[in-house]
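Overview (structure and organization)
Each chain, written out:
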Amino acid sequence: MKFEYEEFDNVDDIFLYLASIAPYGKQVMPISSYKGYIFSIIPLSPLTGEVMMMIYTKGALEPGMIEFDVSSKKHKTVAAVERADRNYFIVLVPKIATLADEAIKNLS
């Protein structure tokens, strides 16, 4: 498996990127916080899974739901999906993530 990478300065830039590539109508998306990175791994070759893109920044987020406003480029923690004009991210904090481990190892 091959990894490509895009590093961002902060988590709001990652949310903006993911909101821009999300399929129309997809309002809730997963994002991971693991081993000092906040990231999403996206298959670039969906049929074979040979090439994956890791969109990331350094940092950590608590598990839960994040509301992101594209126009202000700001996020906040919320308890539920509240507004149709916002994007939401479910923050996952895995105990073990072998695909992420491989991608992180290749960053070094």
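As a starting point, this report considers the structure included with it. Not measured: the values here are computed from a predicted model.

1. Concerning the packing of aromatic side chains
- Overall, the coordinates contain six aromatic pairs when judged by the stated rule.
- With a centroid separation of 6.3 Å and an interplanar angle of 90°, the aromatic rings of Tyr5 and Tyr56 are classed as edge-to-face. Taken together, the positions of Tyr5 in strand β1 (residues 2-7) and Tyr56 in strand β4 (residues 51-58) put the pair 51 residues apart, joining distant regions of the chain.
- What makes Tyr5 partly exposed here is its relative accessible area of 25%.
- When the centroid spacing of 5.8 Å and the interplanar angle of 70° are considered together, the rings of Tyr37 and Tyr56 count as edge-to-face. One end of the pair, Tyr37, is in strand β3 (residues 37-43); the other, Tyr56, is in strand β4, with 19 residues separating them in the sequence.
- Since its relative accessible area comes to 14%, Tyr37 is described here as buried.
- Overall, the relative accessible area of 7% leaves Tyr56 in the buried class.
- Within the aromatic cluster, the residues linked to one another by ring pairs are Phe3, Tyr5, Tyr37 and Tyr56.

Calculation criteria
Residues numbered from 1 in each chain as written. Predicted model: local features only at pLDDT ≥ 70, side-chain atom pairs only at ≥ 80, totals over all residues. Heavy atoms only, no water. Phe/Tyr/Trp six-rings, centres within 6.5 Å; stacked < 30°, edge-to-face > 60°. Helix = DSSP H or I, 4+ residues; strand = E, 2+ residues; numbered from the N terminus. Buried < 20%, exposed > 50% of the residue type's maximum accessible area, 1.4 Å probe, protein only.

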